[in-house]
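Below are the chains, spelled out letter by letter.
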Amino acid sequence: MRLIHLVPAVALALGLGFSVAKADPSFWRYEWPDTDFTQTSVANWAEILSGGPPKDGIPALDDPDFIPVIEETRIGDREPVITLEIDGATPRAYPIRYLTWHEIANDVVGGVPVAVTFCPLCNSGITFDRRVGGDILSFGVSGKLRNSDMVMYDRETQSWWQQAIGEGIVGTHTGTQLTMLPSWMESWAEFTARNPDGLVMAEPGWPRSYGSNPYRGYDSLSRPFLYNGEMPPHGIEPLVRVVRVGDRAWPVERLRELGELTEAGVTISWAAGQASALDSSNISKGKDVGTIRVRDANGADVPHDVMFAFAFHAFWPDGEWMLGG
């Protein structure tokens, strides 16, 4: 799919009108009357654009239902899921076939309120603790993009949050950092083999073409959508995947060649078998991008993200590229 057709097709699939408008406090106040635009870390409002769907046009999921792994029959073996394993709780899988269309799932796992998030345009899948101070926030999709990354909002204060960095960027919570929890993307087959008694998020009750990919061919494009920032250094293509741990990024292709490496205090492994969610129109038939696991010296899972290179450079312009050699 050509880039110019990409997001209009997504808007059409969502049953929404398509527009691309620059954000400006005076322009957005009608839609966001309770957002405090006087507090912001965004130096240039032109960085924030409307990607098409309005506020909540992509509906976040709240308190989603789960079913036992053994009862699930729709998900293909290679399809990606976000896995969340919290001590004292049954492991849970959040299928990308659903998060592609909803982007956020507000859940409670083992007593921990979490937001499981996926931004297709950055391939960024991150799980956050929803507790901020003494409050529990719930998150929705604003419909805004910054550096092609989803801008979330919390319903309690109407503050805007940058998904890739988990930080408030507009409103009361400007500068507030969410706690990132260990989670990872893996294939459905990998999850079920390790967790035969696990739980999987049930199909939501929305009229969506679950299992299909409205961003067909996106991770084969030469440029990301609605991104005007610098491209990555070192000749790295903008839409290749990198593993981000803190402010460091490892190209997935390097990991594919090595299988496993230990650097900067973490061990990162790659294993074949996971389909890209952003390739084929049928997610289960996407090209093999493999599964990444990141562990510390004690073997514990480490919070990380597998995102596109352009997004890492946009949000960590001084970050360290772990290229080897």
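Everything here concerns the structure above.
These numbers were taken from a predicted model, which means no experiment stands behind them.

A.B. asks: What exactly am I supposed to notice about the overall build of the protein here?
C.D. replies: From N to C terminus, the protein includes six helices and 24 strands. The globule rule puts the C-alpha radius of gyration for 325 residues at 20 Å, and the 19 Å found for the protein is close to it. The buried share of the protein, reckoned over its 325 residues, is 57%. Taking as baseline every contact in the protein between residues at least 6 positions apart, the subset at least 24 positions apart corresponds to 65%. Accessible surface, the protein: about 13000 Å² in total, of which carbon and sulfur atoms supply 49%. A distance of 5 Å separates the average location of the 26 positive side-chain charges in the protein from that of its 42 negative side-chain charges.

A.B. asks: I would appreciate a short explanation of the sheet that holds strand β23 (residues 305-308) in the present structure.
C.D. replies: Working definition: the strands of a sheet are paired by backbone hydrogen bonds and lie parallel or antiparallel to each other. The sheet built from four strands is open, its strands ordered β23-β18-β19-β24 with mixed pairing. At either margin of the open sheet sits one strand with a lone partner, and together these are β23 and β24 (320-321). Judged from the four bridges that link them, strand β18 (residues 241-245) and strand β19 (residues 248-251) form a sheet pairing that is antiparallel. Note that in β19 the partner of valine 242 across the bridge is proline 251.

A.B. asks: Got a minute to help me understand the side chain of arginine 254 in this structure?
C.D. replies: By the element assignment, arginine 254 lies in helix α5 (residues 252-258). Of note is the side chain of arginine 254, whose polar atom sits 2.6 Å from the side chain of glutamate 263. Of note is the side chain of arginine 254, whose polar atom sits 3.1 Å from the backbone oxygen of methionine 322. Excluding residues that lie within four positions of it along the chain, arginine 254 makes contacts with Leu261, Glu263, Met322, Leu323 and Gly324.

A.B. asks: I would appreciate a short explanation of the pairing of strand β12 (residues 149-154) in the present structure.
C.D. replies: In the case of a regular strand, side chains alternate between the two sheet surfaces. β12 sits mainly inside the fold: six of its six residues count as buried. Examined bridge by bridge, strand β11 (residues 139-146) and β12 share six bridges and lie antiparallel to one another. What sits directly across from phenylalanine 139, in β12, is aspartate 154. Two successive antiparallel strands, β11 and β12, enclose a turn made up of two residues, where asparagine 147 displays a positive phi of approximately 55 degrees.

A.B. asks: Would you mind showing me how to read the sheet that holds strand β21 (residues 266-271) here?
C.D. replies: Reading across from one edge, β20-β21-β22 is the order of the three strands in this open sheet, with antiparallel pairing throughout. In the strand order of this sheet, the two ends are held by β20 (260-263) and β22 (291-295), each with one partner. Neighbour to neighbour, the strand axes of the sheet diverge by 15 degrees on average, direction disregarded. Bridge analysis of β20 against β21 gives four bridges, and the strand direction is antiparallel. When the sheet's bridge partners are listed, glutamate 260 is paired in β21 with serine 269.

A.B. asks: So what exactly am I meant to see when it comes to the pattern of salt bridges here?
C.D. replies: Pairing between side chains becomes possible if they bear opposite charge and their charged atoms approach one another. Applying the stated criterion to the full structure yields 16 salt bridges. Of the charged contacts, one joins arginine 155 and aspartate 62 as a salt bridge, the two residues approaching to 2.7 Å between their closest N and O atoms. Of this pair, arginine 155 sits in the loop between β12 and β13 (160-162) while aspartate 62 sits in strand β2 (residues 61-62), placing them 93 residues apart in sequence. You can call arginine 155 partly exposed: its relative accessible area is 29%. Overall, aspartate 62 belongs to the partly exposed group, its relative accessible area being 42%. Through salt bridges with shared partners, a single network forms among Glu72, Arg74 and Glu203.

Rules used throughout
- Residues numbered from 1 in each chain as written.
- Predicted model: local features only at pLDDT ≥ 70, side-chain atom pairs only at ≥ 80, totals over all residues.
- Heavy atoms only, no water.
- Helix = DSSP H or I, 4+ residues; strand = E, 2+ residues; numbered from the N terminus.
- Rg over C-alpha atoms; globule rule 2.2 N^0.38 Å.
- Buried < 20%, exposed > 50% of the residue type's maximum accessible area, 1.4 Å probe, protein only.
- Contact = heavy atoms within 4.5 Å.
- Areas by Shrake-Rupley, 256 points an atom, 1.4 Å probe, with all protein chains shown as cover.
- Lys, Arg positive; Asp, Glu negative; His and termini not counted.
- Charge placed at Lys NZ, Arg CZ, Asp CG, Glu CD.
- Pairing = 2+ DSSP bridges.
- Polar contact = N/O pair within 3.5 Å; in protein donor to acceptor, adjacent residues only side chain to side chain.
- Axes fitted to C-alpha atoms, helices over the stretch in contact; angles between N-to-C directions.
- Salt bridge = Lys/Arg side-chain N within 4 Å of Asp/Glu carboxyl O.

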